[in-house]
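# Reading the structure
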Amino acid sequence: MISNDIEKILVSQEAITKRCKELAAQIEADYNAIGEVPIVVGLLKGSVPFMSELMKYFTFPCELEFMKVSSYDGTESIGDVRIDLDMMTSAKNKYILLVEDIVDTGRTLVEVTKMFKNKKAKDVKIVSLLDKPDRRTCDIEADYVGFEVPNEFVVGFGLDYNQKYRNLPYIGVLKPEIYE
Ligand code: IMP
């Protein structure tokens, strides 16, 4: 059982559900205020559980898209990013709501935001389930954040360690022996 590998839970399933409802209401109100509906773009794979929870509470007729980007070096979340999978519709003149699992160094979002500027998107907003501000090396902040987390490696609700633990329904920290 993967839950046996968890040392502590940082954000419970109940807290995530409650926060998703709040975020969805705030995001929808902000788009309603400008009379626009965004294309909701999930960054694979980590955003999937968060995106599915969040979008349940949107009442506007938004479109969904996915993108997959990765760092060139693969292991560290630093360096340039490349597009492994692009969205299937044009972003030109569109309002884009990017959905991310965590903002760490901020590198991914800086590069993805740049890509959308090049695609001539009208506006790009970012919603991230988690924010790890202590790790930031780039000048970027998400417009909407679920929870701030300390500088610890976290897993669950989309976030992985070696591609595992994404299916945990909460955010937790792994027992040290799992990394050994
Ligand atoms: P950034 O470009 O450094 O902001 O990296 C963002 C990506 O790194 C996220 O989308 C995650 O895939 C990954 N990442 C950063 N911190 C963690 C963590 O604590 N657990 C799991 N993945 C993480």
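Residues numbered from 1 in each chain as written. Predicted model: local features only at pLDDT ≥ 70, side-chain atom pairs only at ≥ 80, totals over all residues. Heavy atoms only, no water.

If you walk across this open sheet you meet the three strands as 1-9-8, and the pairing is antiparallel. Two strands lie at the open edges of the sheet, namely strand 1 (6–11) and strand 8 (154–155), each paired on one side alone. When strand 8 meets strand 9 (residues 171–174), the two strands line up antiparallel, connected through two bridges. Bridge assignment links Val 155 to a residue of strand 9, and that residue is Gly 172. (Pairing = 2+ DSSP bridges. Helix = DSSP H or I, 4+ residues; strand = E, 2+ residues; numbered from the N terminus.)

If you look at the biggest cluster of nonpolar residues, it comprises 28 residues, and the most contacted ones within it are Ile 27, Phe 50, Val 127, Leu 130 and Ile 171. Mapped by element, the contributors of at least two residues to this core are helix 1 (13–34), helix 2 (48–55), strand 5 (95–103), strand 6 (123–131), strand 7 (144–148) and strand 9. Top element by residues in this core is helix 1. It accounts for six residues. The residues touching Phe 50, leaving out its near neighbours within four places in the chain, are Cys 20, Leu 23, Val 99, Glu 100, Val 127, Ser 128, Leu 129 and Phe 157. (Core = buried A, V, L, I, M, F, W, Y, C linked by side-chain atoms within 4.5 Å. Buried < 20%, exposed > 50% of the residue type's maximum accessible area, 1.4 Å probe, protein only. Contact = heavy atoms within 4.5 Å.)

Residue Leu 44 is joined to Lys 45 through a cis peptide bond whose omega torsion reads 0°. Turning to its location among the elements, Lys 45 is positioned in the loop between strand 2 (39–44) and helix 2. Positive phi values are uncommon outside glycine, yet Asn 93 reaches one of about 65°. Mapped onto the fold, Asn 93 is located in the loop between strand 4 (81–85) and strand 5. Unusually for a residue other than glycine, Asn 162 sits at a positive phi of about 50°.

Now for the pattern of salt bridges. Enumeration according to the criterion identifies 15 salt bridges in this entry. Glu 152 is the partner of Lys 8 in a salt bridge, and the nearest nitrogen-oxygen pair spans 3.3 Å. Here the residue Lys 8 occupies a position in strand 1, and Glu 152 occupies one in the loop between strand 7 and strand 8, the gap between them amounting to 144 residues. Residue classification places Lys 8 among the partly exposed residues on the basis of a relative accessible area of 35%. Residue classification places Glu 152 among the partly exposed positions, given a relative accessible area of 25%. (Salt bridge = Lys/Arg side-chain N within 4 Å of Asp/Glu carboxyl O.)

Angle between the axes and distance between the axes are the two parameters that describe a pair of packed helices. Remark: helix 1 packs on helix 2, axes separated minimally by 8 Å, with the N-to-C direction vectors making an angle of 65°. The handedness of the crossing between helix 1 and helix 2 comes out as right-handed. Contacts between helix 1 and helix 2 involve Thr 17, Cys 20, Leu 23, Ala 24 and Ile 27 on the former and, on the latter, Phe 50, Glu 53 and Leu 54. (Axes fitted to C-alpha atoms, helices over the stretch in contact; angles between N-to-C directions. Left-handed = near helix turned anticlockwise from the far one by under 90°.)

What follows covers the packing of aromatic side chains. Tallied over the entire structure, the rule returns five aromatic pairs. Pairing Tyr 31 with Phe 60 gives two aromatic rings, centres 6.3 Å apart and planes at 75°, and the pair type is edge-to-face. With Tyr 31 in helix 1 and Phe 60 in the loop between helix 2 and strand 3 (63–71), this pair connects stretches of sequence that are 29 residues apart. Judged by centre distance (6.4 Å) and plane angle (85°), the ring pair of Phe 153 and Tyr 179 falls under edge-to-face. Residue Phe 153 is found in the loop between strand 7 and strand 8, and its partner Tyr 179 is found in helix 4 (residues 176–179); the two are separated by 26 residues along the sequence. The class of Phe 153 is partly exposed, set by a relative accessible area of 41%. (Phe/Tyr/Trp six-rings, centres within 6.5 Å; stacked < 30°, edge-to-face > 60°.)

Within the secondary structure layout, Glu 111 lies in helix 3 (residues 107–118). A relative accessible area of 12% means that Glu 111 is categorised as buried. Of the polar contacts made by the side chain of Glu 111, one reaches the side chain of Arg 107; its length is 2.6 Å. For Glu 111, the residues in contact, after removing those within four places along its chain, are Asp 80 and Val 81. (Polar contact = N/O pair within 3.5 Å; in protein donor to acceptor, adjacent residues only side chain to side chain.)

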